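Spelled out, the chains give:
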Amino acid sequence: MARFEIFQFPILADNYAVLLHDAATGQTAAIDAADADAIGGALRERGWTLTDIFVTHHHGDHTAGVAALKQQSGATVHGPAADTVPIPALDKPLKGGARFRFSGAAVTVIDAPGHTSGHIVYHLPEDHLAFVGDVLFSLGCGRVIEGTMGEMWTSLDSLRRLPPETIIYCGHEYTLANARFALTVEPGNLALQKRAEEVTHLRAKSMPTLPTTIGAERAANPFLRPESAEIRKMIGMPAATDAEVFAELRERKNRA
Ligand SMILES: [Zn+2]
């Protein structure tokens, strides 16, 4: 049986809040905390008590509720040690390579700069889970706001090397728009066609397209597939490096 019960729910315009709960120990973590009232309400409905907050990066749509939730619950706040803007009420500053345990489960911190300079990812290898914030989305990736394209590619490359069965929770529901762009750069990819169809059906019913898995994204997400001959042909970069192909895809998506 899985150790954790996971509750994901939409919050703000297109963010997801995620709660990670261990019924055996009663420990509960929120992954990012945009809105203290919404997250507090979800906790009360389930009878869960918040013990930890895992912050991925400093943006307000991931941190605005952190201080209030900590004040209400006494939860321990984990977050990047060195993001551009300090994380509110931070108790446990983390850097890539850091390891700790949450409710008995191993957690490894992965540095993933690019969207913000200090963005981190929480990987729970025994539980096949990763909380990737705004670095990787289904069929897309985060905007490169603070770091360089090269840094963002290195971050995505380290995520795509996680085991394929790793379940990925992301910060936003952007999959439908991502699918439309992805089909323009790799229209012949059958896994992408199938995923785009599935996503269209899910979003027509306002259902989430997340979580996803590393394996599914490796098959369909162009931002994890710069080696694809079709993508390289479509963008006219047959001999470029993976990092250069990634950067061109990201620029095109910015303009899309
Ligand atoms: Zn962000």
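Our subject is the structure listed above.
As a starting point, this report considers the structure included with it. Note that this is a predicted model, so its numbers are computed, not measured.

## Points about the coordination of the zinc ion
Bound to the zinc ion on the protein side are His57 (NE2), His59 (ND1), His115 (NE2) and Asp134 (OD), at distances that span 2.2 to 2.3 Å. One way to put it: the 4 donor atoms around the zinc ion meet at angles of 88 to 174°, and that makes the site irregular. When its relative accessible area of 0% is taken as the criterion, His57 is described as buried.

## What about the nonpolar core?
Proteins that are soluble and globular tend to have nonpolar side chains buried together. If you look at the biggest cluster of nonpolar residues, it comprises 32 residues, and the most contacted ones within it are Val132, Leu136, Leu156, Leu159 and Phe246. For this core, the elements supplying multiple residues, two or more each, are strand E11 (136-137), helix H4 (149-160), helix H5 (175-185) and helix H9 (242-255). No other element matches the 5 residues that H4 contributes to this core. Apart from residues lying up to four places away in sequence, Leu136 is in contact with Cys141, Leu156, Leu159, Ile168, Cys170, Ile214, Asn221 and Leu224. Formed by 20 residues, the second largest nonpolar core is a distinct cluster that contains Ile11, Ala33, Ile39 and Ile87.

## Section: empty space enclosed by the protein
Per the stated rule, a full pass over the model turns up 2 cavities of 30 Å³ or more. By volume, the largest cavity amounts to about 70 Å³. Every residue lining the largest cavity is listed: Tyr16, Val18, Ile31, Asp32, Phe131, Val132, Gly133, Tyr169, Cys170 and Gly171. Taken together, the residues that form the lining of the largest cavity break down as 7 nonpolar, 2 polar and 1 charged. As for the second largest cavity, its lining consists of Ile11, Asn15, Tyr16, Ala17, Ile31, Asp32, Ala33, Ala34, Ile39, Asp61, His62 and Gly171. Those elements that provide at least two residues to the lining of the second largest cavity are strand E2 (15-21) and helix H2 (60-63). At 3 residues, the largest contribution of residues to the lining of the second largest cavity is made by E2. Residues of the lining of the second largest cavity, tallied by class, amount to 7 nonpolar, 3 polar and 2 charged.

## Notes on the layout of surface pockets
Approximately 200 Å³ is the volume found for the largest pocket. Lining the largest pocket are 15 residues, with Phe137, Cys141, Gly142, Arg143 and Tyr174 sitting closest to its centre. Secondary-structure elements contributing two or more residues to the lining of the largest pocket are H5 and H9. Across the lining of the largest pocket, the residue classes break down as 5 nonpolar, 5 polar and 5 charged.

## Brief notes about the sheet that holds strand E9 (residues 120-124)
If you trace the 6 strands from one edge of the open sheet to the other, you get E7-E8-E9-E10-E13-E14, paired in mixed fashion. What marks the edges here is a single partner per strand, and that holds for strand E7 (99-102) and strand E14 (212-213). Relative to E14, strand E13 (residues 167-169) runs antiparallel, the two sharing 2 bridges. Bridging across to E14, Ile167 finds its partner in Thr213.

So, how was this worked out
- Residues numbered from 1 in each chain as written.
- Predicted model: local features only at pLDDT ≥ 70, side-chain atom pairs only at ≥ 80, totals over all residues.
- Heavy atoms only, no water.
- Donors = N, O, S within 2.8 Å, 3.2 Å for Na, K, Ca; no water.
- Tetrahedral: all angles 85-135°; square planar, octahedral: opposite > 155°, others 65-115°.
- Buried < 20%, exposed > 50% of the residue type's maximum accessible area, 1.4 Å probe, protein only.
- Core = buried A, V, L, I, M, F, W, Y, C linked by side-chain atoms within 4.5 Å.
- Helix = DSSP H or I, 4+ residues; strand = E, 2+ residues; numbered from the N terminus.
- Contact = heavy atoms within 4.5 Å.
- 1 Å grid on protein atoms, 1.4 Å probe; cavity = no way out; pocket = protein on both sides within 12 Å on 5 of 7 lines; lining within 4 Å.
- Points joined across faces, edges and corners; volume = space filled by probe spheres on them.
- Nonpolar A, V, L, I, M, F, W, Y, C, P; charged D, E, K, R; others polar.
- Pairing = 2+ DSSP bridges.

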